[in-house]
Amino acid sequence: MSRYAMGIIAAWLLVIAVAGYAVLGHERTLRDGQLVLLRLAPVDPRSLMQGDYMALRFELDTHLQAENGKWPAYAHLQLGAGSRATFAGTGDTPTSEPGRVSMRIRPSVGGASLGPNGFFFQEGNAALYETARWGGFRVAADGTALLTSLYSEDLRLLGNNRR
């Protein structure tokens, strides 16, 4: 086997290993992460180009401000009844205070956010998600947060989410 072929195989194995490591990390967050609910700001439940999805914004994003032109790394959240989060501050390291959790801030063109800007669902289910008022995240100790589900005002899980 030539060096060229061995190099391609080695690069392919490296890509597979890195992707596998990332997937395992996300699976661990989904399995062991703490449930955190963020209040949704007004949303739009449809995209003609992408199919059925809900455009998301989170009320807590209004508290995120750049400090000296730089975004802090984490938003610190106080957890209340039913895992509902309220803003408690920002910082460059995750908090370990009891009753608090830290989520990584995601800088973007329009500012910063604690979560993604959309939630996709099966076509034809838009009416089910119109009552969404909370985004449910699983949050790891390092601040990694994955949006897993949407909830109604009374914290009823919407859709057929497994996690």
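None of these values were measured; they are calculated from a predicted model. (Residues numbered from 1 in each chain as written. Predicted model: local features only at pLDDT ≥ 70, side-chain atom pairs only at ≥ 80, totals over all residues. Heavy atoms only, no water.)

Chemist: What should I look at first to understand the sheet that holds strand β9 (residues 134–139) in this one?
Modeler: Whether parallel or antiparallel, the strands of a sheet pair through hydrogen bonds between backbone atoms. If you trace the four strands from one edge of the open sheet to the other, you get β1-β9-β10-β11, paired in antiparallel fashion. Of all the strands in the sheet, just β1 (34–39) and β11 (157–158) have a single pairing partner and so form its edges. Where β9 lies against strand β10 (residues 145–151), six bridges are found, and the strand directions are antiparallel. Pairing of W134 across the sheet is with Y151, part of β10. Sheet strands in contact with helix α1 (residues 3–32) are β1, β9 and β10, and its direction is about 45° off that of β10. (Pairing = 2+ DSSP bridges. Helix = DSSP H or I, 4+ residues; strand = E, 2+ residues; numbered from the N terminus. Contact = heavy atoms within 4.5 Å. Axes fitted to C-alpha atoms, helices over the stretch in contact; angles between N-to-C directions.)

Chemist: For this particular structure, what's the right way to read the packing of aromatic side chains?
Modeler: The relative placement of two aromatic rings is captured by the distance of their centres and the angle of their planes. Applying the stated criterion across every chain, the model contains three aromatic pairs. Arranged with centres 5.8 Å apart and planes meeting at 55°, the rings of F119 and Y129 form a pair that is tilted. Separated by ten residues along the polypeptide, F119 in strand β8 (residues 118–120) and Y129 in helix α2 (residues 126–129) bring together distant segments of the chain. For F119, a relative accessible area of 9% gives the class buried. Feature note: the residues F119, F121 and Y129 constitute an aromatic cluster, connected by ring pairs. (Phe/Tyr/Trp six-rings, centres within 6.5 Å; stacked < 30°, edge-to-face > 60°. Buried < 20%, exposed > 50% of the residue type's maximum accessible area, 1.4 Å probe, protein only.)

Chemist: How should the side chain of S102 be read in this particular structure?
Modeler: As for its position among the elements, S102 is in strand β5 (residues 100–104). By relative accessible area, S102 is classed as buried at 3%. A distance of 2.7 Å separates polar atoms of two side chains, one belonging to S102 and the other to H76. A polar side-chain atom of S102 sits 2.8 Å from the main-chain amide nitrogen of T95. Each residue touching S102, except ones within four places of it in the same chain, is listed here: Y74, A75, H76, P94, T95, V139, A140 and G143. (Polar contact = N/O pair within 3.5 Å; in protein donor to acceptor, adjacent residues only side chain to side chain.)

None of the figures reported here should be taken as evidence of function without further support.
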